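# Fold and contact review
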Amino acid sequence: MPAGGEQDARAVSADGGKKPSRAGRDLRSAIAVGVGLGVVVLVSLFTVRQVFIAVVAAAVAVSIFELSRALKTSAGIQVALVPVLVGGQAVVWLAWPYERAGVLSAFVITMLACMLWRLKDGADGYLRDLTASIFTVAYVAMFASFAVMLVVPEDGAFRVIAFILGVVLSDTGGYIAGVLFGKHPMAPTISPKKSWEGFAGSLVAGMVGGALTVSLLLEGQWWQGVLFGAALVISSTAGDLVESLIKRDLGIKDMGTLLPGHGGLMDRMDSLLPSAVVGWLLLHLFVP
């Protein structure tokens, strides 16, 4: 699922000032990968909607593996990978038939499994590793389960499109505005490439896109779409900043190398995960 990105114009590569693009990323590869992921999502939504769950579940498994590996390699934190992977899949797959009750039940059972799984390695680092394991399930699988719950209603395909398009427009609007006008860093100690001008571009694109998708695809009110789009921009930007802070804490640039021009899959999920929660909550309120 395509999302994420940076917004400022002053990214410089580490080899002496060469600029592969004004946003500091390989645009051709990034666009190709983004389009490919978008096609996969659209095909899954408009063939058999349950296939979309498989797409989300696969993304969750890869993202959990990337995050767990980064934690172990960079900080020596040992995530209980087996119960986290299995429990993460349970959280995602139970979101379709049982929705919130299924998600919560799978999550707490996974917590218990992580507690027991970590016993074999003794007391040293127990709380640290257990906390990281629970965080990984909550951050990746539980947040992603809201994307699955978006697709459950009869108009679920359009709900997912509104959610993903809102995140993509936030990224695109922020990229364009940041490249053209970016001068004032938003969070220079966390993500120096983000600018307030880029954020303003994200807001404009997100609110226009939200007004159109909610009113035309979901028969909601245009002002609801504006609020929906603005909320997705805020959650997308916050998601980017949170993952940037995690990577800075771990001392790494990317979570992985799976996607050319993007980094790891987790590096593309950072905006989508919190936005899935926000998107479901607002659409559940506006167009139940």
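Look above for the structure.
Here's what I pulled together on the structure shown here. (Residues numbered from 1 in each chain as written. Predicted model: local features only at pLDDT ≥ 70, side-chain atom pairs only at ≥ 80, totals over all residues. Heavy atoms only, no water.)

## Let's talk about the overall build of the chain
When helices and strands are counted, the chain shows 9 helices and 2 strands. For the chain, with 288 residues in total, the buried portion stands at 53%. A total of about 13,100 Å² of accessible surface is found on the chain, and carbon and sulfur atoms cover 70% of it. (Helix = DSSP H or I, 4+ residues; strand = E, 2+ residues; numbered from the N terminus. Buried < 20%, exposed > 50% of the residue type's maximum accessible area, 1.4 Å probe, protein only. Areas by Shrake-Rupley, 256 points an atom, 1.4 Å probe, with all protein chains shown as cover.)

## What about the packing of aromatic side chains?
According to the stated counting rule, one finds 6 aromatic pairs in the structure shown. Seen in terms of ring centroids, tyrosine 139 and phenylalanine 143 are 6.2 Å apart; in terms of plane orientation they differ by 80°. Their pairing is edge-to-face. Here tyrosine 139 pairs with phenylalanine 143, and both are found in helix α5 (residues 126–150), just 4 residues apart, close to one helical turn. What makes tyrosine 139 buried here is its relative accessible area of 7%. (Phe/Tyr/Trp six-rings, centres within 6.5 Å; stacked < 30°, edge-to-face > 60°.)

## Description of the environment of threonine 257
Structurally, threonine 257 can be placed in the loop between α8 (222–250) and α9 (266–286). Spatially, the C-alpha atoms of threonine 257 and glutamate 66 are 9.4 Å apart, while their sequence positions differ by 191 residues. Setting aside residues no more than four positions away along its own chain, threonine 257 makes contact with Gly263 and Gly264. (Contact = heavy atoms within 4.5 Å.)

## Points about the pattern of salt bridges
A side chain with one charge may pair with a side chain of the opposite charge, provided their charged atoms come close. Enumeration over the complete set of coordinates arrives at 7 salt bridges. The salt bridge partner of aspartate 129 is arginine 128, with a shortest N-O separation of 2.9 Å. One salt bridge in this structure joins aspartate 267 and lysine 247, with 2.9 Å as the shortest N-O distance. Here aspartate 267, found in helix α9, pairs with lysine 247, found in helix α8; they are 20 residues apart in sequence, far enough to count as distant. We classify lysine 247 as buried; its relative accessible area is 11%. (Salt bridge = Lys/Arg side-chain N within 4 Å of Asp/Glu carboxyl O.)

## Some remarks on the packing of helix α3 (residues 81–93) against helix α4 (residues 95–117)
How two helices sit against one another is set out by the angle between their axes and by the gap between those axes. At a minimum axis distance of 7 Å, the contact between α3 and α4 shows a crossing angle of 170°. By the criterion of interaxial angle, the relationship of α3 to α4 is roughly antiparallel. For the crossing formed where α3 meets α4, the hand is right-handed. Within the contact between the two elements, α3 uses Val82, Pro83, Val84, Gly87, Ala90, Val91, Val92 and Trp93 and α4 uses Ala95, Trp96, Pro97, Val103, Ala106, Phe107, Thr110, Ala113, Cys114 and Trp117. Class assignment of the residues belonging to the contact of α3 with α4 gives a composition of 16 nonpolar, 2 polar and no charged. (Axes fitted to C-alpha atoms, helices over the stretch in contact; angles between N-to-C directions. Parallel < 35°, antiparallel > 145°, perpendicular 65-115°, else oblique. Left-handed = near helix turned anticlockwise from the far one by under 90°. Nonpolar A, V, L, I, M, F, W, Y, C, P; charged D, E, K, R; others polar.)

## A few points about α5
Taking 1.5 Å of rise per residue, 25 residues should cover 36 Å, and α5 covers 36 Å from first to last C-alpha, within 8% of that figure. Along its length, α5 shows its largest kink, about 30°, at alanine 138. Within α5, 18 of the 25 residues are buried, leaving the element largely enclosed by the surrounding structure. (Expected span 1.5 Å × (residues − 1). Bend = angle between axes of the 7 residues up to and from the residue.)

## Focus: a nonpolar patch on the surface
Together, Leu42, Phe46, Phe158, Val204, Val208, Leu212, Leu216 and Leu217 make up an exposed nonpolar region whose accessible area comes to about 740 Å². When residues of the nonpolar patch are assigned to their parent elements, the largest contribution, 4 residues, is made by helix α7 (residues 196–216). Structurally, phenylalanine 46 is set in the loop between α1 (27–45) and α2 (50–75). Taking the relative accessible area as the measure of exposure, phenylalanine 46 reaches 49% and is therefore partly exposed. (Patch = residues over 30% accessible without salt bridge, like charges linked within 9 Å, V, L, I, M, F, W, Y side chains within 5 Å.)

## Considerations on the pairing of strand β2 (residues 191–195)
The sheet contact formed by strand β1 (residues 185–187) and β2 spans 2 bridges and is antiparallel. The partner of alanine 187 across the bridge, within β2, is serine 191. Linking two consecutive strands that pair antiparallel, namely β1 and β2, is a turn of 3 residues. (Pairing = 2+ DSSP bridges.)

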